[in-house]
Amino acid sequence: MARTQKQSDHGEDGAGNTAKQTGRGAAGAVQSVDRAVSVLEILARSGEAGVTEIADELGVHKSTAFRLLGVLENRGLVAQAKDRGKYYLGAGVLRLAGAAAVRLDISQEGVPVCRELADELGETVNIAVLDDDAAVNIMQARGTASVTAQNWLGRRTPLHATSSGKVLLAHMPPTLREGLLARSLPRFTERTITAASMLRGELEAVVEQGYGTTVEELELGLAAVAAPIRAHDGEVIAAISVSGPVYRLNPDRLPELARRTVAAGAELSRRMGYGF
């Protein structure tokens, strides 16, 4: 009996130790992230620093600082001046900062353009950017006719079944686009395009006509039209869309909505520096 109790105690101790180790592991991971961020802040402040300097400022052993720098260097967030052994912020930081700045700029510049378009058309206007394999809406304005429309702000939506997604897909680098089209395309309604060959044809039309449309491809009763937003170098960085119920965004009205959406996209592109 005593032996059984001892075994039980050992089992409880083992579980307890495992839990403690798991807790320590989680705490260690958080500490590593905090230290990695501190390394970036040190380099941002000083311009460049060596392993010893960074270790001293962090209060850690040189081997710990070296491991942190190695991880950051592998991700392109820091780089090393081989001739001096010093580290400095890498191009990866600029890439992340640039992406954040673009989103911030679009959100700021998009407010008056979206508001004017929503007021003019009476429908919901969104700005979406590419987020890995989806489009995410970062700006929304509602017109007078869309008071009961759902909120799309912050939502990730499928590229192949939305007008903004089609615009972003159509202007992707070919290798990236083909990689996405090689995946299974989920069906949301009976009108969703799930064949890659058919979608390619539609994306070609998006480029030729300057806008993309969807009619009940994501949700029954919903239609939308979208146009590209370009950065100063001509790269498509976002899409502006107008959406509403199919009985208002009908075939007779869609061409005019497309014209106005393309004009709004061109205005936002101008505000982002395109054409200067």
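Here goes a summary of the coordinates provided. Here the structure is a predicted model, which is why all the values come from computation and not from measurement. (Residues numbered from 1 in each chain as written. Predicted model: local features only at pLDDT ≥ 70, side-chain atom pairs only at ≥ 80, totals over all residues. Heavy atoms only, no water.)

What about helix α7 (residues 196-209)?
Here's step 1: Counted at 1.5 Å a residue, the expected span for α7 with its 14 residues is 20 Å, and the 20 Å between its end C-alpha atoms agrees.
Here's step 2: Buried residues of α7: Ala196, Leu199, Leu203 and Val206, and no others. Projection of α7 onto a plane perpendicular to its axis shows the buried side chains occupying an angular sector of 65°, all on one side. Projecting away from the buried face of α7 at angles above 90 degrees are the exposed residues Ser197, Met198, Glu204 and Glu208.
Here's step 3: Looking at the buried positions of α7, the neighbouring elements they touch are α5 (163-170), α6 (174-181) and β6 (212-215). (Helix = DSSP H or I, 4+ residues; strand = E, 2+ residues; numbered from the N terminus. Expected span 1.5 Å × (residues − 1). Buried < 20%, exposed > 50% of the residue type's maximum accessible area, 1.4 Å probe, protein only. Arc of directions from axis to C-beta. Contact = heavy atoms within 4.5 Å.)

Considering the pattern of salt bridges
Opposite charge on two side chains makes pairing possible when the charged atoms of those side chains draw close.
Here's step 1: Scanning all chains against the criterion turns up 17 salt bridges.
Here's step 2: The partner of Asp119 in a salt bridge is Arg115, with the nearest N and O atoms 3.0 Å apart. In this pair, Asp119 and Arg115 both sit in helix α4 (residues 91-121), four residues apart, roughly one turn of the helix.
Here's step 3: A network of salt bridges, in which partner residues are shared, links Glu109, Glu267, Arg270 and Arg271. (Salt bridge = Lys/Arg side-chain N within 4 Å of Asp/Glu carboxyl O.)

Remarks on the side chain of Ser241
Here's step 1: Looking at where Ser241 falls in the secondary structure, it is placed in strand β8 (residues 236-245).
Here's step 2: If near-sequence neighbours (up to four positions away) are discounted, Ser241 is found in contact with Thr124, Val125, Asn126, Ser163, Ser164, Val225, Ala226 and Thr261.

Observations regarding the sheet that holds strand β3 (residues 124-131)
Here's step 1: Strand order in the open sheet formed by six strands is β5-β4-β3-β8-β7-β6, and the pairing between neighbours is antiparallel. Edge strands, defined here as strands with exactly one partner in the open sheet, are β5 (156-158) and β6. Taking each pair of neighbouring strands and ignoring which way they run, the sheet shows an average axis angle of 35°.
Here's step 2: Relative to β5, strand β4 (residues 134-141) runs antiparallel, the two sharing three bridges. From the neighbouring strand, Ala135 faces β5, where its bridge partner is Thr157. (Pairing = 2+ DSSP bridges. Axes fitted to C-alpha atoms, helices over the stretch in contact; angles between N-to-C directions.)

Describing the environment of Leu199
Here's step 1: With respect to the secondary-structure elements, Leu199 resides in helix α7.
Here's step 2: Residue Leu199 is classed as buried on the basis of its relative accessible area, which comes to 0%.
Here's step 3: Along the sequence, Leu199 and Leu169 sit 30 residues apart, while their C-alpha atoms lie 9.9 Å from each other.
Here's step 4: The residues contacting Leu199, other than those within four sequence positions of it, are His160, Leu169, Leu181, Leu185 and Ile193.

Describing the packing of helix α2 (residues 51-58) against helix α3 (residues 62-74)
Here's step 1: Interhelical geometry of α2 versus α3 gives an angle of 110° and a closest axis separation of 8 Å. What the angle tells us is that α2 and α3 run roughly perpendicular. Across the interface between the two elements, Val51, Thr52, Ile54, Ala55 and Leu58 from α2 touch Lys62, Ala65, Phe66, Leu68 and Leu69 from α3.
Here's step 2: Here the contact of α2 with α3 is built from residues that sort into eight nonpolar, one polar and one charged. (Parallel < 35°, antiparallel > 145°, perpendicular 65-115°, else oblique. Nonpolar A, V, L, I, M, F, W, Y, C, P; charged D, E, K, R; others polar.)

Details of the nonpolar core
A general feature of soluble globular proteins is that nonpolar side chains tend to end up buried together.
Here's step 1: In terms of nonpolar packing, the biggest core is built from 29 residues, with Ile106, Ile127 and Ile240 touching the most fellow members.
Here's step 2: Looking at this core element by element, the count peaks at six residues for α4.
Here's step 3: Beyond its immediate chain neighbours, meaning those up to four positions away, Ile106 contacts Ile127, Val129, Ile138, Ile237, Ala238 and Met272.
Here's step 4: In terms of nonpolar packing, the next biggest core, distinct from the first, is built from 19 residues, Val167, Leu168, Leu180 and Leu185 among them. (Core = buried A, V, L, I, M, F, W, Y, C linked by side-chain atoms within 4.5 Å.)

What to know about the packing of α6 against α7
Here's step 1: At their nearest, the axes of α6 and α7 sit 10 Å apart, and the two run at 145° to each other. Between α6 and α7 lies a crossing of right-handed hand. Touching Arg177, Glu178 and Leu181 of α6 are Ala196, Leu199, Arg200 and Leu203, all from α7.
Here's step 2: A per-class count over the contact of α6 with α7 returns four nonpolar, no polar and three charged. (Left-handed = near helix turned anticlockwise from the far one by under 90°.)

None of the figures reported here should be taken as evidence of function without further support.
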